Amino acid sequence: MARLLTGRLSFVVMAPAIVVLLGLSTALAIGAFGVRDLVTESDAASALRAQLLVETLAERLRATPEEARRVVLERATRRSGTEMLLVRQDGSIILDATLAPPRQSQIEGLLIAGAGEAITLLGRTRYYAHPLPAPLAHLSLISFVSAPEAPVTTRSLITSLATLTTILIGVSALVGFALARDVRADVTYMRRRIAEMAREGAAPSGKVIPVRAIDEVGLLTNAFNVVVDRFEAAERAYGQDLDGALAYDKDRSAFVAALSHELRTPLNAILGFTDILLSEVDGPLSPDAHENLTQVRSSGEHLAALIDDILDLSALESGELRLNRQEADVYAIAGDVVRELQPAAVKKGIELLLLGDTALAKVDARRVRQILTNIVGNAVKFTSRGKVVVSVDPKSDYVGMLVSDTGPGIPKSEQASIFEEYRQSGELSAQRVGTGLGLAITRRLVQMHGGSIGVQSELGVGSSFAVLLPRLPPEPKDMPAEIPPLLTASSRFHLSGAG
């Protein structure tokens, strides 16, 4: 009912409703005219009765002795259920057979008018005044006959009219409802089928609707059936393509994981023997040999980092990576990352600073370290002068981390794509250092924590990467469908000296 009141009325409801409204309007009009005619006829009958009573009783009173006139008048009043007055022409009362006689001035008015309508204790009445025959012409007889607003027959008329109206309107409404239901049945079914297919999470499936009639609804049904057939064909093709893609993706992830593990085994051996040679346990090395082995170790460590990135991405895509949340100090984790990357910053001649205070949160310490290592490592890698500032800010519900650098900056056109797999920004010489997986993995790890990550950058000034991590693990139902807005220039994270 609420739906009908808030929107357009359904055709199935509107058609019978119109029939009912028209029928009721017609019945009310007929009833009103009928009651009016009944009242008119009732008034005319009451007036005629009053006249007949007066004329008949006047002849009888003329032949009745004076002492017996009261008895005759009262008996006639009692039998007829009326009120009567025997008065002189000046309005004085001779005999009173009423419940409450009117005043003399009123009687004079009644005698002058001769007939009409009056209100007595009987209610609304019709009266008639007539002088008695000679030799009593100086006397007049007045009769009051009840004339109610609603005659007795009114109830019978209304009952009959209501019965007839109910039958006719009921039959008409049923016929209208049946016709409207048949006309709208196909359209309603089509709407329901479309709504089911459009419902989120429902598997789209079509069902041909039988064409019941060759009319506008039938043409619409036939057109929808064509769409359903094409949709079913497209769905089957899509399902086959999706199955193939899922199988390919599964095989690809398994191949990448296996290949990465196979590469790690000889790589670890290479790094181990390189460390042994660099330690000069087997004898001193020449400067050229030491430099070459150092290059071998650096390249091996870089290759190991690439393999780790590929393994992490494979685990993320397959859903095998799980967080091991424990109470940890994010500020202490940031300190470890800064100390680890400090030699690289010193080698490039830039400052690497850490600001903030203790920030406890229930996080996966290893993954938070990985997040900071990727962001701070990129900042150190791309910054050739100035400084890199790492800030940790404990908030009420979140722990914020901001990494600001004075590097070349990131163009606005590339700021959204740097978090995608295998995408990099900056000079080609710097891009060759990695695979472009670091920030993509970082974003996924942040999202797994229920947090958000964002970047603000300006060419020639530098970049600021901001990360927000909740102190407590959010419930699955509380995980945001979209990452909330991050830090702005007015945030307490903003470091005016970072540029």
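None of the values given here were measured: they were computed from a predicted structure.

Caption draft 1: Quick look at the overall build of the protein chain. Each helix and strand counted, the protein chain has 12 helices and 12 strands in total. Buried residues in the protein chain amount to 35% of all 499 residues. Restricting to contacts in the protein chain with at least 6 residues of sequence separation, those with at least 24 account for 65%. Accessible surface, the protein chain: about 29400 Å² in total, of which carbon and sulfur atoms supply 59%.

Caption draft 2: Geometry of the confidence of the model for the protein chain. A residue-level look at the protein chain finds 78% of positions with pLDDT of 70 or above and a mean pLDDT of 77. Counting interchain partners and residues more than four positions distant, the pLDDT-below-50 stretch residues 1–7 has 4 contacts. Considering only residues more than four positions removed or in separate chains, one finds that residues 428–432, a stretch of pLDDT under 50, has 5 contacts.

Caption draft 3: Quick look at the sheet that holds strand β9 (residues 387–394). Ordered in space as β7-β9-β10-β12-β11, the 5 strands form an open sheet in which the pairing is mixed. Edge strands, defined here as strands with exactly one partner in the open sheet, are β7 (351–356) and β11 (452–458). Between one strand and the next, the sheet's axes are offset by a mean angle of 10 degrees, whatever the strand orientation. By the bridge criterion, 7 bridges tie β11 to strand β12 (residues 462–470) in an arrangement that is antiparallel. When the sheet's bridge partners are listed, Q456 is paired in β12 with S464. Across the sheet, helix α8 (residues 330–348) touches β7, β9 and β10 (398–405), and the angle it forms with β7 is around 170 degrees.

Caption draft 4: Here's a closer look at the sheet that holds strand β2 (residues 93–97). Pairing is antiparallel in the open sheet, where 5 strands are placed in the order β2-β1-β5-β4-β3. Two strands bound the open sheet, and with one partner strand each, they are β2 and β3 (115–120). Direction aside, neighbouring strands of the sheet carry axes that sit 25 degrees apart on average. Bridge count between β3 and strand β4 (residues 123–131): 6 bridges; the pairing is antiparallel.

Caption draft 5: Looking closely at the nonpolar core. By size, the foremost hydrophobic cluster in this structure holds 40 residues, and its most contacted members are V330, L352, V368, I375, V376, M401 and F465. Of all elements in the fold, only α8, β8 (360–363), α9 (365–382), β9, β10, α12 (438–448), β11 and β12 reach the threshold of two or more residues within this core. Sequence-distant contacts of V330, that is, excluding residues within four places in its chain, are made with A359, A361, V368, V392, V399 and M401. Ranked by size, the runner-up nonpolar core spans 17 residues in total, among them V72, L73, M84 and L136.

Caption draft 6: Region of the structure containing the pattern of salt bridges. Tallied over the full model, the rule gives 9 salt bridges. Of the charged contacts, one joins R62 and E59 as a salt bridge, the two residues approaching to 3.4 Å between their closest N and O atoms. Placement of both R62 and E59 in helix α2 (residues 11–62) is noted, with a separation of 3 residues, approximately one turn of the helix. Residue class for E59 comes out partly exposed when judged on its relative accessible area of 42%. In this structure, R339 engages D336 in a salt bridge whose closest nitrogen and oxygen atoms are separated by 2.3 Å. Residue R339 and its partner D336 are both found in helix α8; the two are separated by 3 residues, about one turn of the helix. Exposure remark for R339: the relative accessible area of 56% places this residue in the exposed category. Residue D336 is classed as partly exposed on the basis of its relative accessible area, which comes to 30%. Three or more residues joined by partner-sharing salt bridges are found here, namely D43, E117, R124 and R126.

About the thresholds
Residues numbered from 1 in each chain as written. Predicted model: local features only at pLDDT ≥ 70, side-chain atom pairs only at ≥ 80, totals over all residues. Heavy atoms only, no water. Helix = DSSP H or I, 4+ residues; strand = E, 2+ residues; numbered from the N terminus. Buried < 20%, exposed > 50% of the residue type's maximum accessible area, 1.4 Å probe, protein only. Contact = heavy atoms within 4.5 Å. Areas by Shrake-Rupley, 256 points an atom, 1.4 Å probe, with all protein chains shown as cover. pLDDT = per-residue confidence, 0-100. Pairing = 2+ DSSP bridges. Axes fitted to C-alpha atoms, helices over the stretch in contact; angles between N-to-C directions. Core = buried A, V, L, I, M, F, W, Y, C linked by side-chain atoms within 4.5 Å. Salt bridge = Lys/Arg side-chain N within 4 Å of Asp/Glu carboxyl O.

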